[in-house]
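Chain by chain, the residues:
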Amino acid sequence: MRENMMLKLSVFMSPTGGHSGGWRHPDAVMDAGYNFDRWVEFARIVERGKLDMMFLADGNGVNGIEDRDLLSRNPVVRPAVIEPICLLSALATHTSRVGLVATATTTYDQPYSVARRYAGLDWVSKGRAGWNVVTTSNANDSQNFSRDEHVEHADRYARADEFVSVVKDLWDSWADDTFTFDKAEGVFLDAEKIRLIEHEGANFKVRGPLNSARPPQGHPVIVVAGASPAAIDLAANHADVIFTVTETKEAAQEFYAKVKAAARAKGRDPDTLKVFPGASIFVGETAEEAEASYRELQELIPDDVGMKMLGKMCGVDLTGYSPEDSLPELPETLGIRSFRNLVADIAQRDGANLRELYQKILPARGHVLIKGSAAQVVDVMEEWYRDKACDGFNLVAPYLPAGLERVVDLVIPELQRRGLFRTEYEGTTLRDSLGLGHVPNPYFEQVQAAE
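Summary of the structure given here. Model, not experiment: these values are computed from the prediction.

What follows concerns the overall build of the protein chain. When helices and strands are tallied, the protein chain shows 14 helices and 13 strands. Across the 451 residues that make up the protein chain, the buried fraction comes to 56%. Here the contacts in the protein chain between residues at least 6 apart in sequence split such that 78% fall between residues at least 24 apart. Accessible surface, the protein chain: about 19,000 Å² in total, of which carbon and sulfur atoms supply 48%.

For the rest of this paragraph, the subject is the side chain of Thr105. Looking at the element boundaries, Thr105 is found in strand β3 (residues 99–105). Take Thr105: its relative accessible area is 4%, and that puts it in the buried class. In terms of polar contacts, Thr105 uses its side chain to reach the backbone amide nitrogen of Thr107, at 2.9 Å.

One pass over the full model with this rule turns up 14 aromatic pairs. Both rings, one in Tyr118 and one in Trp131, keep their centres 6.0 Å apart while their planes meet at 35°; by these two values the pair is tilted. On the criterion of sequence distance, the pair formed by Tyr118 in helix α4 (residues 111–124) and Trp131 in strand β4 (residues 129–134) is long-range, its members being 13 residues apart. What makes Tyr118 buried here is its relative accessible area of 0%. Given a relative accessible area of 0%, Trp131 falls into the buried group. Directly above the ring of Tyr443 sits Arg195, whose terminal nitrogen or CZ lies 3.5 Å from the centroid.

So, on to the nonpolar core. Core analysis: the largest hydrophobic core is formed by 89 residues, its most contacted members being Leu9, Met13, Met54, Trp131, Met381 and Leu415. Looking at which element gives the most residues to this core, the answer is helix α5 (residues 153–171), with eight residues. Judged by nonpolar contacts, the second largest core, of 23 residues, contains Val245, Val305, Leu330 and Leu354.

Bringing unusual backbone geometry into the picture now. Of the consecutive residues Gly208 and Pro209, the connecting peptide bond is found in the cis state with omega at 0°. With omega at 0°, the peptide bond leading from Leu400 into Pro401 counts as cis. Within the secondary structure, Pro401 sits in the loop between β13 (392–396) and α13 (402–417). One non-glycine residue, Lys50, lies in the positive phi region at around 65°. One can find Lys50 in the loop between α1 (36–48) and β2 (53–56). The phi dihedral of Lys388 falls on the positive side, at around 55°, and the residue is not glycine. Looking at the secondary structure, you find Lys388 in the loop between α12 (374–386) and β13.

Now for helix α7 (residues 249–265). Because each turn of an α-helix spans 3.6 residues, side chains separated by three or four positions end up pointing in the same direction. Between its first and last C-alpha atoms α7 spans 24 Å; for 17 residues at 1.5 Å apiece the expected length is 24 Å, and the two agree. Every buried residue of α7 is listed here: Lys249, Ala252, Phe255, Tyr256, Val259, Lys260, Ala262 and Ala263. Buried residues of α7, seen end-on, are gathered within an arc of 155° and therefore sit on one face of the element. Facing away from the buried side of α7 by more than 90 degrees, the exposed set consists of Glu250, Glu254, Arg264 and Ala265. Packed against the buried residues of α7 are α6 (229–238), β10 (241–244), β11 (274–284) and α12. Just past α7, the residue Gly267 takes up positive phi, approximately 85°.

We now examine the pairing of strand β1 (residues 8–12). Judged by how many residues are buried, β1 sits mostly within the fold: four of five residues are covered. Of the strand pairs in this sheet, β1 and β13 are connected by five bridges, and their pairing is parallel. Paired with Phe12 across the bridge in β13 is Val396. With three bridges joining them, β1 and β2 adopt parallel strand pairing.

On to the environment of Leu436. In this fold, Leu436 is placed in the segment after α14 (430–434). Put simply, Leu436 and Asp271 are 165 residues apart on the chain and 8.9 Å apart in space, counted from C-alpha to C-alpha. Leave out the neighbours within four places in its chain, and Leu436 touches Asp240, Thr272, Lys274 and Arg431.

Cut-offs and rules
Residues numbered from 1 in each chain as written. Predicted model: local features only at pLDDT ≥ 70, side-chain atom pairs only at ≥ 80, totals over all residues. Heavy atoms only, no water. Helix = DSSP H or I, 4+ residues; strand = E, 2+ residues; numbered from the N terminus. Buried < 20%, exposed > 50% of the residue type's maximum accessible area, 1.4 Å probe, protein only. Contact = heavy atoms within 4.5 Å. Areas by Shrake-Rupley, 256 points an atom, 1.4 Å probe, with all protein chains shown as cover. Polar contact = N/O pair within 3.5 Å; in protein donor to acceptor, adjacent residues only side chain to side chain. Phe/Tyr/Trp six-rings, centres within 6.5 Å; stacked < 30°, edge-to-face > 60°. Lys NZ or Arg CZ within 6 Å of the ring centre and 35° of its normal. Core = buried A, V, L, I, M, F, W, Y, C linked by side-chain atoms within 4.5 Å. Expected span 1.5 Å × (residues − 1). Arc of directions from axis to C-beta. Pairing = 2+ DSSP bridges.

The values reported here are purely geometric and, on their own, carry no functional implication.
Below, the structure written as structure tokens:
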């Protein structure tokens, strides 16, 4: 076991859970996309489990509007959701320790706007904000932002690197102790502790300063998702956490070593970049109960929905193919390449037909699927952690809220019993929970973090 360190846990929060058939389960809620009360319930379950953070994936459009039939039967694509910063800011008033992380794109947004939104969330939550940096995988989103074509992969990541640098610089445009509030002397703030960033780069020209005090954490936690060399480089430059898709422990170990080496090459302590593979959890009081729950949900994915979802993830049109057919050759895509590559690898390795592929991929969305009793699930999690395949997991519950409650009520106590997970939060901020600490401002003399 790694000395003085514990497993870290995020939970991926989709309004209908992670399994494509999960919304059809008799116990599943279906209206969380726009029902705030549901999210209060979910957030309190996550915080009861002492998890590090809850993560809201988000997009810039209705993903799948071109296929109305699939859209009508597959809410996992999040056809309608509350804007995440609005949602998490509201949830901050109903929670006190759990981290609140949401997606914002660097492709169709501006650094100043993102910097201000996440600084605001960090203040409202008293230091629990996190930003999941994405470059937008859905090509059709471009049409919501006055573009006819999506930005090329390499160009998106070059823009992302500059974008994140500008955001961090804006957060550092104020010292932690800028505001003096000296009534006797009539001095509200120390004007010498505000700086213009005067950034001029290939993609952005930003004067600054940000019209927000420096965030309580210094910088909200930065998360990057992806497995490409460009994503790893972006994470090594800027991220505190990287989310990834790895189906086997061996692949996860290879990715873990690659990420840690990339961080070290940037002059960073590798422990400051946490690796979180996704893990879809099916847990029961017994292994038989977990297997029955899994099989029940698998039966709720019709063949045509499964085929269309698989095609969408791979960037290929499977119209006219039979579920018994083999996967055709996959084209290059501007979307999520890690999913496409994973599907192709599984098809080649296992000789799986299209039905077998979607039944394998959709329950876990390409992540490792862990099922069984609490002891069996934790055996796998402990093995991955012990063998340096991860620093933690981004957990996916198959449906909500019961799938999440099973994780909190069965898996977390077993992790705690083995000394792998906290019994109480270590501090008040997300950085405290992740063992990262407040980010010092390189432009001003270090002072105690803002209260």
